[in-house]
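Notes for the structure review
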Amino acid sequence: MTSFIFLYRGWAAPASAAALRSEGRLWGAWFRQLTRDGHLIDRGFPLSRIGKLVKSPAKRAATTREKYPIGGYSIVSAKNLAHAIELTWKCPNFLTGGFVEVRPLLTSKASAS
């Protein structure tokens, strides 16, 4: 199995507290399913929209202004990239117009091969 990072992009804040709770339940159910199936390595954390892009220690850090900011991440285990993509299909981020970027993690074991 290979480790992958899921980067949750384009998340929009729910319109109400009830919608936030409902969305939270969907995320919780999805994470529980990934855990039961043995795929979730690290649930990760939501990320603040406030950030700085550092291009060089000699230059001033610029405020990040991404069209689709990263709202959070998770680390999962999958057989291959196609399998990791399949694991995203029930991700609640799609319900709010967001999407998931999937990338393999280059661990020392994977980098050596």
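To keep things clear, this report deals only with the structure shown in the data block. (Residues numbered from 1 in each chain as written. Predicted model: local features only at pLDDT ≥ 70, side-chain atom pairs only at ≥ 80, totals over all residues. Heavy atoms only, no water.)

Time to look at the environment of Ile41. Mapped onto the elements, Ile41 comes out in strand S2 (residues 40-42). With near-sequence residues (within four places) excluded, Ile41 lies in contact with Ser3, Ile75, Val76 and Ser77. (Helix = DSSP H or I, 4+ residues; strand = E, 2+ residues; numbered from the N terminus. Contact = heavy atoms within 4.5 Å.)

With that settled, the discussion passes to the packing of aromatic side chains. According to the stated counting rule, one finds six aromatic pairs in the structure shown. For the pair Tyr8 and Trp27, a centre-to-centre distance of 4.9 Å together with 80° between the ring planes defines the contact as edge-to-face. With Tyr8 in strand S1 (residues 2-9) and Trp27 in helix H1 (residues 17-36), the pair connects residues that are 19 residues apart, well separated along the chain. In terms of burial, Tyr8 and Trp27 fall into one category: buried. Ring geometry for Tyr8 against Trp30: centres 6.2 Å apart, planes inclined by 75°, an arrangement best described as edge-to-face. Taken together, the positions of Tyr8 in strand S1 and Trp30 in helix H1 put the pair 22 residues apart, joining distant regions of the chain. By relative accessible area, Tyr8 is classed as buried at 5%. Ring pairing ties together the aromatic residues Phe6, Tyr8, Trp27, Trp30 and Phe31, which thus form one cluster. (Phe/Tyr/Trp six-rings, centres within 6.5 Å; stacked < 30°, edge-to-face > 60°. Buried < 20%, exposed > 50% of the residue type's maximum accessible area, 1.4 Å probe, protein only.)

With respect to the helices, strands and loops of the structure, Val76 is situated in strand S5 (residues 70-78). In this structure Val76 comes out as buried when scored by relative accessible area, which is 0%. Considering only alpha carbons, one finds Val76 and Ala12, 64 residues apart in sequence, at a separation of 23 Å. If we skip the residues at most four places from it in the chain, Val76 touches Thr2, Ser3, Phe4, Phe6, Leu34, His39, Leu40 and Ile41.

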